[in-house]
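# An overview of the molecular structure
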Amino acid sequence: MKKTALTLLTVALLASCVSKKKYVALENQNGELKSQLQKTQVVNEELEGKFAAIQERVDEYNSKISSLTDESNSKMVAVGDAAVISEDTKVEMRKTLEKVDQSLVSQATTLKDSMNLAITYNLQKSMSNTDLNEDEDIAIDIDETVVMISISDKMLFNTASYRVSSKADDILQKLADVINSEPSIEVMVEGHTDSRSISNARVQDNWDLSVLRATSVVRKLQNDFNVAPEKMIASGRGEFQPLVGNDTAEDRSKNRRTRIVLLPNINKFFALMASNE
């Protein structure tokens, strides 16, 4: 009986030892699995981060490619020393040239020649839509990309004065109509005098007189005829760009003038012309 009890106790102890060892082994195995799982999660997060960064770069490149495609027609092209135009502008220019005398178009050998023809055509059309006509006191010339309107001083000022007279309202209204009809146009107002010197309490010399006349015209266009001031430039040339000699009263009269120079922003100009078709 005692022997039997001892045997049962021994078996029980052995079973207990085996179960504890398995438990410890399983705990260790469980710990290793958890550690591996954590490492796998870390690696997975790193891979996801790398993938997101790669995807972001791919999206950025695709965006750049799309942008280049969309903007290809806006790429700027140099036209000699005169201007820089876009591909869109070249398209509009070609449309305009279809309306120009083809004998003139055939003589255009460069992009600059074609641009000047197209701008001249459009500006002449704009000028013909107004009642601003040439006479002995007004001269209108188109030189490549600019329109130059010279106005005799007797139409704008009293003798030796820089104050714009009321008789100038009609001509300045017509000029303002032309300027305001084309948002793409900037305006430079140049004062010119004859060679006779002038000096008084308000005017020091011909430089003074020419600049003061230009600023007076600019202010008049702004304040009375609603021309945007940011579109205008006032400048004075004094007596140093005469049209003719200063030997006679008639010639001096020709040299006393105000020149209005209309300067189109070429890209905006053709875009505007296209929108008006």
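Before any of the text, the structure's been laid out above.
Throughout what follows, the structure given in this document is the object of discussion. This structure is a prediction, so every number in the text was calculated from the model and none was measured.

Next up on the list: the pattern of salt bridges. According to the stated counting rule, one finds 10 salt bridges in the structure shown. Across the salt bridge formed by R213 and D153, the nearest N and O atoms sit 3.5 Å from each other. Here R213 is found in helix 6 (residues 206-225), whereas its partner D153 is found in the loop between strand 4 (146-152) and helix 5 (169-181), with 60 residues between them in sequence. The class of R213 is buried, set by a relative accessible area of 3%. A salt bridge links E190 to R259; its shortest N-O distance comes to 2.9 Å. Of this pair, E190 sits in strand 5 (residues 185-192) while R259 sits in strand 7 (residues 257-264), and the two are 69 residues apart along the sequence. Each member of the pair, E190 as well as R259, is classed as buried. Three or more residues joined by partner-sharing salt bridges are found here, namely D153, D194, R196, R213 and R256.

Let us now look at helix 6. Under the 1.5 Å per step criterion, the end-to-end length of helix 6 is 27 Å for 20 residues, consistent within 8% with the ideal 28 Å. Of the residues making up helix 6, those classed as buried are N206, L209, S210, R213, A214, T215, S216, V217, V218, K220, L221 and F225. Where helix 6 is buried, its residues meet helix 5, strand 5, strand 6 (232-238) and strand 7. You can read the cap of helix 6 off the contacts: a side-chain oxygen lies 3.2 Å from the backbone nitrogen of W207, and it is on D205. In the stretch just after helix 6, N226 is the one whose phi turns positive, near 60°.

Time to look at the side chain of K231. The residue K231 is located in the loop between helix 6 and strand 6 in this model. We note that K231 is buried and unpaired, the nearest opposite charge coming from E230 at a distance of 8.0 Å. Setting aside anything within four residues of it in sequence, one finds K231 in contact with I179, E182, P183, I185, E186 and V187.

Along a regular strand, successive side chains alternate from one face of the sheet to the other. With seven of its eight residues buried, strand 7 lies for the most part within the structure. Pairing between strand 4 and strand 7: six bridges, direction antiparallel. Residue pairing across strands places V147 opposite L262, the latter belonging to strand 7. Sheet topology note: the strand 5/strand 7 ladder contains eight bridges and is antiparallel. Bridge assignment links E190 to a residue of strand 7, and that residue is R259.

Cut-offs applied
Residues numbered from 1 in each chain as written. Predicted model: local features only at pLDDT ≥ 70, side-chain atom pairs only at ≥ 80, totals over all residues. Heavy atoms only, no water. Salt bridge = Lys/Arg side-chain N within 4 Å of Asp/Glu carboxyl O. Helix = DSSP H or I, 4+ residues; strand = E, 2+ residues; numbered from the N terminus. Buried < 20%, exposed > 50% of the residue type's maximum accessible area, 1.4 Å probe, protein only. Expected span 1.5 Å × (residues − 1). Contact = heavy atoms within 4.5 Å. Polar contact = N/O pair within 3.5 Å; in protein donor to acceptor, adjacent residues only side chain to side chain. Lys, Arg positive; Asp, Glu negative; His and termini not counted. Pairing = 2+ DSSP bridges.

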